[in-house]
Amino acid sequence: MSASNDMASIQIESGQIETLLTAAGLDGEEVQRWLDARSALLVALSTAPASWMDSRVAATRCFTLGDTLLRRLPARPRRDVREDAAAEAIKETLRDARTRFLRVYAGPIYSALTDEYREVVRADDLVYRAAERFLGLTPTRAAVEAERQLLQKEKEGVEIDQGLFFSQILAHHQAGAHLCWAMLRPGPEAYERLEELQRTGVVDLGAAVVQRNGHIGQVLMRNPRFLNAEDDFTLGPLELAIDLVTLDPAIEVAVLRGATVDHPRYRDRHVFSAGINLTHLYHGQISYLFYVMRELGAVNKLYRGLAGPEFLPDEPETTLEKPWIAAVEAFAIGGGCQILLVMDHVLAETGSFFNLPARKEGIIPGVANLRLPRLVGERLARQGILFDRRFEADSPDGRLICDEVVPVGEMDAAIERAAGRLVGSGMVSAAGNRKALRVGQEPLSLFQAYMATYAREQAYCHFSPALIANLEASWGAHRRQR
């Protein structure tokens, strides 16, 4: 398409947007200023990359004028039909503009936010640095915190712009690889708490507990009220616990297990995990960043270990890693089942089950779409993800996910036996073999490409009206107290 035809298309589209916005009572002149700013941005982007500064100035003007228009409308629950249509038009137009800007300048933006790749910047810090240095590109902390006070169905969805940001960063070969590396680095607090683990053998992190028993390091996931479900409050402690177990040289085998719970049906029993905390999700207490931080951080560290201090994207993986055993009691639902897909050995109690109720939840089940087909085949994976198929541990299909079915009450002994077999030929062999298996199944480049799509699609799922409908129909979330 020629430049003149391109501009004609923009003008037609702008006319439609202007009609929607003025019908909702927004000032015509203010609307036109924003649409002119958007057109200027698209023109600047068409001449990129020679116009980096021009594009940056144009982008800031376009984003800030659009955000100002959106704020002039009533809050989401109080809008009428015309106001709601106007709000959606503004948001989608801004998202399109932000995506176009990022598509061209993801590399320079990431470089600026990380001091030319010299800084280790985790995903949560990265996206808020972007909000500070590139006004309007992503929401500020204050904007996200204000939305956190609302029910999920009342939110504007400002965090979708975080998803668009991560999608384009991860789609950029070097920037995405650097972000994946940064998220595999151990956190500073891990080094601070490591001495405590080595001295006492126990570190209590609240939502996670690390216990060392000889050469075995055990991580207990602990959220007893919600059957060890995952949420914004459990994720940080879980990742820190993974760091500690991986860093402690006395630990040769790592175990992940659910702590005992106080739910009447399972009182004083170990329960592996109920997946994402659906009650918190419905009440707006699960941030979009939870998904990104979980998959790039905690779960990826279980799978790949901890990255070293140098970013060496063109060399073989050199992570510090240990074999992991999962001890599943009762069930591994949703995120709990996703974790099993990166374990080296899965022990499952008789009568336990695994499933991925993504259809009922309305979200993407982490990286299970990439990993589950390797274990059960594509057809069963589709049944599990799209049709909520349940895998009983004792069944032939369930044995494709777990390695050993353990009689009730014998999990501790089973862990000891499995740990002994894993390190029987030495730690170097165990780490080397899991690396070799992983490189053939899921190289970092494949994971990075998957996450680029996941980051965008999960953002839209997280704020979809269908998610609320699913939670109310399948979970009865509107009747549950957070």
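Given the structure is predicted, the values throughout are model-derived calculations rather than measurements.

Criteria and cut-off values
- What you see as residue numbers is a count from 1 along each chain, following the sequence as written.
- Reporting of local features is limited, given that this is a predicted model, to residues whose pLDDT is at least 70; pairs of side-chain atoms are given and counted only at 80 or more, and all residues count toward the totals for whole chains, interfaces and linings.
- In computing side-chain properties, one takes all heavy atoms of the structure into account and sets aside hydrogens as well as water.
- In DSSP terms, a helix is any run of H or I states spanning at least four residues, a strand is any run of E spanning at least two, and both are numbered starting from the N terminus.
- With a 1.4 Å probe rolled over the protein chains alone, any residue whose accessible area is under 20% of its type maximum counts as buried; one over 50% counts as exposed, and the rest are partly exposed.
- By the convention used here, residues are in contact when the closest approach between their heavy atoms is within 4.5 Å.
- Note on areas: these come from Shrake-Rupley sampling with a 1.4 Å probe, and a residue is covered only by the protein chains present in the view.
- We treat Lys and Arg as the positive residues and Asp and Glu as the negative residues; His and chain ends play no part in the count.
- By convention, charge coordinates are those of NZ in Lys, CZ in Arg, CG in Asp, or CD in Glu.
- The way it works is a 1 Å grid over only the protein atoms, where trapped points that fit a 1.4 Å probe form a cavity and open points with protein on both sides within 12 Å along at least five of seven lines form a pocket, and then any residue with an atom within 4 Å of a point lines it.
- Grid points are joined across faces, edges and corners, and a volume is the space filled by probe spheres set on the points.
- The nonpolar class holds Ala, Val, Leu, Ile, Met, Phe, Trp, Tyr, Cys and Pro. Asp, Glu, Lys and Arg form the charged class, and all remaining residues, Gly among them, are polar.
- A pair of strands is labelled paired if DSSP reports no fewer than 2 bridges between them.
- Angles run from 0 to 180 degrees between N-to-C directions of axes, and those axes are lines fitted to C-alpha atoms, restricted for helices to the stretch in contact.
- Think of it this way: a Phe, Tyr or Trp ring, Trp meaning its six-membered ring, pairs with another when their centres are within 6.5 Å, and the plane angle makes it stacked under 30 degrees, edge-to-face over 60, tilted otherwise.
- The quantity known as pLDDT measures the predictor's confidence residue by residue, on a range of 0 to 100.
- A right-handed crossover is one whose linking path, passing over the helix from the first strand to the second, runs clockwise when the strands point away from the viewer.
- In these notes, a set of buried Ala, Val, Leu, Ile, Met, Phe, Trp, Tyr and Cys residues joined through side-chain atoms within 4.5 Å is what counts as a nonpolar core.
- Here roughly perpendicular refers to angles of 65 to 115 degrees, roughly parallel to angles under 35, roughly antiparallel to angles over 145, and oblique to all remaining angles.
- Take the far helix as your reference; a near helix turned counterclockwise from it by less than a right angle gives a left-handed crossing, and one turned clockwise gives a right-handed crossing.
- Residue count minus one, scaled by 1.5 Å, sets the expected span of a helix.
- The bend at a residue is defined as the angle formed between two axes, one fitted to the seven residues ending at that residue and one fitted to the seven starting there.

Undergrad: Looking at this structure, how should I read the overall build of the chain?
TA: Of regular secondary structure, the chain possesses 20 helices and 10 strands. Of all 482 residues assigned to the chain, the portion counted as buried reaches 56%. Summarising the internal contacts of the chain: among those between residues at least 6 apart in sequence, 73% fall at separations of at least 24. About 20,200 Å² of surface is accessible on the chain, with carbon and sulfur atoms providing 52% of the total. Where the 55 positive side-chain charges of the chain centre and where its 64 negative ones centre are 3 Å apart.

Undergrad: When you look at empty space enclosed by the protein in this model, what are you seeing that I'm missing?
TA: To find the voids left in a structure, one rolls a probe of water-molecule size over its atoms. For the structure on display, the rule yields two cavities of 30 Å³ or more. Its boundaries defined by the atoms lining it, the largest cavity holds a volume of some 110 Å³. Around the largest cavity, the lining is made up of 15 residues, and of these I276, F290, G335, Q338 and I363 lie nearest the centre. Going through the elements one at a time, α12 (288-304), α13 (335-340) and α19 (444-462) are the ones with two or more residues in the lining of the largest cavity. Here the lining of the largest cavity gets four residues from one element, more than from any other, and that element is α12. When its residues are assigned to classes, the lining of the largest cavity shows six nonpolar, five polar and four charged. Quantified by volume, the second largest cavity comes out at close to 60 Å³. In terms of lining, the second largest cavity is formed by A207, M221, R222, N223, N228, A229, E230, T234 and L238. Grouping the amino acids of the lining of the second largest cavity by side-chain chemistry returns four nonpolar, three polar and two charged.

Undergrad: How should I be thinking about the environment of G432 in this particular structure?
TA: Inspection of the secondary structure assignment puts G432 in helix α18 (residues 427-441). Sequence-wise, G432 and K322 are 110 residues apart; in three dimensions their C-alpha atoms are separated by 9.5 Å.

Undergrad: I tried to follow the sheet that holds strand β6 (residues 331-333) on my own but got confused; where do I start?
TA: Backbone-to-backbone hydrogen bonds pair the strands of a sheet. The strands run either parallel or antiparallel. One open sheet accounts for three strands, arranged β6-β8-β9; its pairing is mixed. Of all the strands in the sheet, the pair left with one neighbour each is β6 and β9 (390-392). The sheet shows a mean angle of 10 degrees between the axes of neighbouring strands, taken without regard to direction. Sheet topology places β6 next to strand β8 (residues 353-355); three bridges connect them, and they run parallel. Within β8, the residue paired with F331 across the bridge is F353.

Undergrad: Explanation requested: the packing of aromatic side chains in the structure shown.
TA: Two aromatic rings, taken as a pair, are described by how far apart their centres are and by the angle between their planes. Inspection of every chain in the model, using the stated rule, returns 13 aromatic pairs. When the ring of W52 is compared with that of F101, the centres are 6.3 Å apart and the planes differ by 10 degrees; the resulting orientation is stacked. Of this pair, W52 sits in helix α3 (residues 52-72) while F101 sits in helix α4 (residues 81-113), placing them 49 residues apart in sequence. Owing to a relative accessible area of 22%, W52 belongs among the partly exposed residues under this scheme.

Undergrad: How should the environment of A449 be read in this particular structure?
TA: Within the secondary structure layout, A449 lies in helix α19. Remark: the alpha-carbon pair of A449 and R269, spanning 180 residues in sequence, is separated by 39 Å.

Undergrad: Quick question: what am I supposed to make of the confidence of the model for the chain here?
TA: Segments scoring low in pLDDT should not have their predicted coordinates read at a detailed level. Mean pLDDT over the chain works out to 93, with 94% of the residues at or above the 70 mark. Low pLDDT, under 50, characterises residues 1-9; the predicted model gives this stretch three contacts beyond four residues in sequence or across chains.

Undergrad: I tried to follow the pairing of strand β4 (residues 253-258) on my own but got confused; where do I start?
TA: Consecutive residues of a regular strand have side chains that alternate between opposite faces of the sheet. Judged by how many residues are buried, β4 sits mostly within the fold: six of six residues are covered. With six bridges connecting them, strand β3 (residues 216-221) and β4 associate as parallel partners. Across the sheet, residue V219 finds its bridge partner in β4, namely L256. As a crossover connection, the stretch from β3 through helix α10 (residues 232-247) into β4 is right-handed. As paired elements, β4 and strand β5 (residues 324-328) share four bridges and run parallel to each other. If you follow A254 over to β5, its bridge partner there is W324.

Undergrad: Help me understand the nonpolar core, please; the structure alone is not making it clear to me.
TA: Counting residues in hydrophobic clusters, the biggest one holds 127 residues, and the most contacted among them are L21, F165, F166, L179 and F354. The dominant element in this core, judged by the number of residues it contributes, is α4, at 13 residues. One finds V255, L347, M411 and A418 within the second-largest nonpolar core, a separate group that totals 13 residues.

Undergrad: I'm lost on the packing of helix α2 (residues 28-46) against α4 in this one. Help?
TA: Each pair of packed helices gets described by two things: the angle between the helix axes and the distance between those axes. Two elements in contact, α2 and α4, have axes separated by 10 Å at closest approach and are oriented at 20 degrees. With respect to α4, the axis of α2 lies roughly parallel. Of the two elements, α2 crosses α4, and the hand of that crossing is left-handed. Contacts between α2 and α4 involve W34, R38, L41, L42 and L45 on the former and, on the latter, I90, T93, L94, D96, A97, R100, F101, V104 and Y105. Taken together, the residues of the contact of α2 with α4 sort by class into 10 nonpolar, one polar and three charged.

Undergrad: Which parts of the structure should I look at to understand α4?
TA: Along an α-helix, residues three or four positions apart point the same way, because every turn accommodates 3.6 residues. In a regular helix each residue adds 1.5 Å, so 33 residues correspond to 48 Å; α4 covers only 40 Å between its end C-alpha atoms and thus falls short of that length. Y105 marks where α4 bends most, by close to 80 degrees; the proline P108 follows one to four residues later. Count one or two residues on from α4 and you reach D115, which has phi positive near 55 degrees.

Undergrad: How should the sheet that holds β3 be read in this particular structure?
TA: Taken in spatial order, the seven strands line up as β1-β2-β3-β4-β5-β7-β10 in an open sheet, and their pairing is mixed. Each of the sheet's edge strands pairs with one partner strand only, and the pair in question is β1 (202-204) and β10 (404-406). Going across the sheet, the axis of each strand differs from the next one's by a mean of 20 degrees, ignoring polarity. Contacting β1 and β2 (208-213), helix α9 (residues 188-200) runs over the sheet at an angle of about 135 degrees to β1.

Undergrad: How should I be thinking about unusual backbone geometry in this particular structure?
TA: A negative phi angle is the norm for most residues apart from glycine, just as the trans form is the norm for most peptide bonds. If you check the backbone angles, E116 has positive phi at about 60 degrees while not being a glycine. Tracing the sequence through the fold places E116 in the loop between α4 and α5 (123-133). Assessed through its relative accessible area of 48%, E116 is described here as partly exposed. The phi angle at Y117 is positive, at roughly 70 degrees, despite the residue not being glycine.

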